[in-house]
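# Descriptive analysis of the structure
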Amino acid sequence: MVGAEEAARLDRLEIQVENGGGGAWEYLCLVRKLKPRRSDKVLKHGLAILNDPKARSNLGGEEWTLYEQVAFAAFDCQQHNVAKVFSLSLSLPLHIKSEKHLMDCVAVLSKEFPGSLRVGRLEGMLLEAENSWAEAEKVYARLLEDNPLDQIIYKRKVAIAKAQGDLKVAVDFLNKYLEIFMSDHDAWRELAEIYVSLQMYKQAAFCYEELLLSQPTVSLYHLAYAEANESQCIEYSGFIILLFLRFLLTAFIEQVLYTMGGLENLLTAKKYYASTITLSGGKNTRALYGICLCSAAISQLTKGRSKEEKESSDLPSLAAEALLRDYKYRAPKKLPLLNSMLKNMKLSS
Amino acid sequence: MAADCCYEVSQIAYVKLVLHALKHPSSAVNGLLLGRLRQDGSTATVEVADAVPLSHAQIGLLPALEIALIQIEEHFEAEGLSVVGYYHANERHNDLELGNAAKKIGDHIFRYFPRAAVLLLDNNKLQKLKTGKGRDPAVQLYTRDSSRSWRQTGSDGSNQLTLKEPTANIVLFDYISSEKWQQIVDFDDHLDDISKDWLNPGLFD
């Protein structure tokens, strides 16, 4: 995850390079470090450096890293020809520029550098980019035999499953991967996102729980956990809020399946929205909205119950106030909409 | 019920939804369609007048969708428009299936507007557009039939889905060439930075 300052620096550099102000190498290094997905820019500026013999020789040993980076960018932009050239160059210690020569070298290279894991991976990715899934899987299976603990190859297998639309298979692979590499946060996040896209909110929540345990101060996980919990409740009860705002209570009651499960999820969600707000210094708009939605839903679900069980805290109205304040300064045009929404939820007067 | 209904998509709505999809090529995107129902004698036409892009990440998470529905409904009520449909673009290039998340949201909109339309972006047609050769709208239309499932219409050659302005594809192609998609803002962007306006005023000036 990228810090705000570094993100700003990245954007500045990008603009500078785009306008011909130099600093392309610095930009590319920062992209490698922060890993945002800016493949078209990387491809453009990386190629510019590589095609200039003087700039290239200035890089020294880093030249191969650049080749790799540009190859990845080329895969992403579906520029297979470029990628082909570069994956071959990486295995070549010499600067051979003729394409025909390069194509001929494929067979020779695989024989000459059979053990190079990095190049092997690139070859696999090239096959992936060309949608030759079976071939790619064969390459990875072969690489895995010699390198059974290579994390990147496992992830490529997940990527292949995902690209073919086999989400259940991808989930399977990821689960197996996580049994070995339990502390891989990116993998937990990826798994959670796949579960969310399959509307398997409970499983997604489980993934976020793992992340919360290992990185309890990352507000993003608190927020995601809260949203997964709330989604679970909303799904079950069918869009509570919209119904009760637009129709009479009777219509609403028909729709709502009141269960302890639903209420529990909402309470959990509210707790984690609150912790998100604490961790983010009160600035997270989604968490503030989340508190408002949860409180409105909870008070609707607990209507008619005894007073002790009802929520009694200032949190919802404070969240509403914070939202109103923020909108007043930064999005005044939307303030009336927000106002009326909060009024309907009885969170502001 | 929806079999005899025509759907007319305005240029603004059409261009917005395609630009939204182009801005986030590596993820699924979705959004709402706003419009009204027009009755000319025996034919009913749903005029899709505008579109509001919703999100490009974690579409399955529902709280943001709820907030968006509330605010969007309220805003457009003043203009006499209501939510008449939903659009969706799949994550994968060759995925032309209407996923479960899209169907669920479509079901919800159907409860309020029985002629609700779901537009699914057709990546193949969009590809043709990029080369300047497309004439059809780059979307597929789904409506709910009597068996409560979403079915693709117009596949038998009938013209249920039309673009209101025939020059829409040409205009879209222009915008694509000038990378206009970078300026489009969706509700997700708004939640990350509330100074960004999901109404996209001034996008087409």
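Residues numbered from 1 in each chain as written. Chains lettered and ligands numbered in written order. Predicted model: local features only at pLDDT ≥ 70, side-chain atom pairs only at ≥ 80, totals over all residues. Heavy atoms only, no water.

- In the nomenclature of an unreviewed UniProt entry, chain B is known as MPN domain-containing protein of Zingiber officinale.
- UniProt, in its Sequence similarities (unreviewed entry) section for chain B, records the words "Belongs to the EMC8/EMC9 family." (UniProt positions renumbered as here; feature names shortened; annotations may be inferred.)

- Where an unreviewed UniProt entry is consulted, chain A appears under the name ER membrane protein complex subunit 2, with the organism given as Zingiber officinale.
- UniProt lists a comment for chain A under the heading Sequence similarities (unreviewed entry), and it reads "Belongs to the EMC2 family."
- The heading Subunit (unreviewed entry) in the UniProt record of chain A holds the text "Component of the ER membrane protein complex (EMC)."

## Regarding the side chain of Ser275(A)
- Along the polypeptide, Ser275(A) turns up in helix 17 (residues 260-279).
- Only 3.0 Å separates the side chain of Ser275(A) from the backbone oxygen of Tyr272(A), close enough to count as a polar contact. (Helix = DSSP H or I, 4+ residues; strand = E, 2+ residues; numbered from the N terminus. Polar contact = N/O pair within 3.5 Å; in protein donor to acceptor, adjacent residues only side chain to side chain.)

## Topic: the side chain of Asn284(A)
- Structurally, Asn284(A) can be placed in the loop between helix 17 and helix 18 (285-301).
- With a relative accessible area of 18%, Asn284(A) lands in the buried category. (Buried < 20%, exposed > 50% of the residue type's maximum accessible area, 1.4 Å probe, protein only.)

## Brief notes about the interface of chain B and chain A
- If you look at the interface, chain B gives 33 residues, while chain A gives 40 residues.
- A buried area of about 3,500 Å², summed over both sides, lies between chain B and chain A, and 60% of it is on carbon and sulfur atoms.
- Scanning the region where chain B abuts chain A turns up 5 salt bridges.
- Between Asp193(B) and Arg330(A) there is a salt bridge, with the nearest N and O atoms lying 3.3 Å from each other.
- Applying the counting criterion to the chain B and chain A interface returns 12 residue pairs in polar contact (both at pLDDT 80 or more).
- Contributing elements (two or more residues each) for the side of chain B that touches chain A: helix 2 (63-77), helix 3 (100-112) and helix 6 (187-192) of chain B.
- It is helix 2 of chain B that contributes the most residues to the side of chain B that touches chain A, 10 residues altogether. (Contact = heavy atoms within 4.5 Å. Buried area = accessible area lost by both parts, 1.4 Å probe. Salt bridge = Lys/Arg side-chain N within 4 Å of Asp/Glu carboxyl O.)

## Concerning the packing of aromatic side chains
- Following the criterion strictly, the structure yields 8 aromatic pairs over all chains and no others.
- By way of ring pairs, the aromatic residues Tyr154(A), Tyr177(A) and Phe181(A) are connected into one cluster.
- A cation over an aromatic ring shows up here: Lys334(A) above the ring of Trp198(B), its NZ or CZ 4.7 Å from the ring centre.
- When the ring centre of Phe110(B) is taken as origin, the NZ or CZ atom of Arg144(B), which lies over that ring, is 4.0 Å away. (Phe/Tyr/Trp six-rings, centres within 6.5 Å; stacked < 30°, edge-to-face > 60°. Lys NZ or Arg CZ within 6 Å of the ring centre and 35° of its normal.)

## Let's talk about the pairing of strand 6 (residues 139-144) of chain B
All names here are of chain B.
- The element strand 6 is largely enclosed, with a buried count of 6 among its 6 residues.
- By the alternation rule, side chains of strand 6 split into Val139, Leu141 and Thr143 and Gln140, Tyr142 and Arg144, which are all buried.
- With 5 bridges joining them, strand 5 (residues 117-121) and strand 6 adopt antiparallel strand pairing. Within the sheet, the bridge partner assigned to Leu121 lies in strand 6 and is Val139.
- Here strand 6 pairs with strand 7 (residues 150-153) via 4 bridges, running antiparallel. Directly across from Leu141, in strand 7, lies its bridge partner Thr153.
- Linking strand 6 to strand 7, which pair antiparallel, is a turn of 5 residues; within it Arg148 sits at a positive phi near 65 degrees. (Pairing = 2+ DSSP bridges.)

## Focus on helix 8 (residues 117-129) of chain A
- Between its terminal C-alpha atoms helix 8 of chain A stretches 18 Å, which fits the 18 Å expected from 13 residues at 1.5 Å a residue.
- Judged by how many residues are buried, helix 8 of chain A sits mostly within the fold: 10 of 13 residues are covered. (Expected span 1.5 Å × (residues − 1).)

## Re the pattern of salt bridges
- For the coordinates displayed, the defined rule picks out 25 salt bridges over all chains.
- The partner of Lys155(A) in a salt bridge is Asp184(A), and the shortest N-O contact between them spans 3.0 Å. Placement of the pair is Lys155(A) in helix 10 (residues 151-163) and Asp184(A) in the loop between helix 11 (167-180) and helix 12 (185-197), with a sequence separation of 29 residues.
- A relative accessible area of 33% means that Lys155(A) is categorised as partly exposed.
- Here Asp184(A) falls in the buried class, since its relative accessible area comes to 12%.
- One salt bridge connects Asp40(B) with Arg38(B), and the closest N-O pair in it is separated by 3.3 Å.

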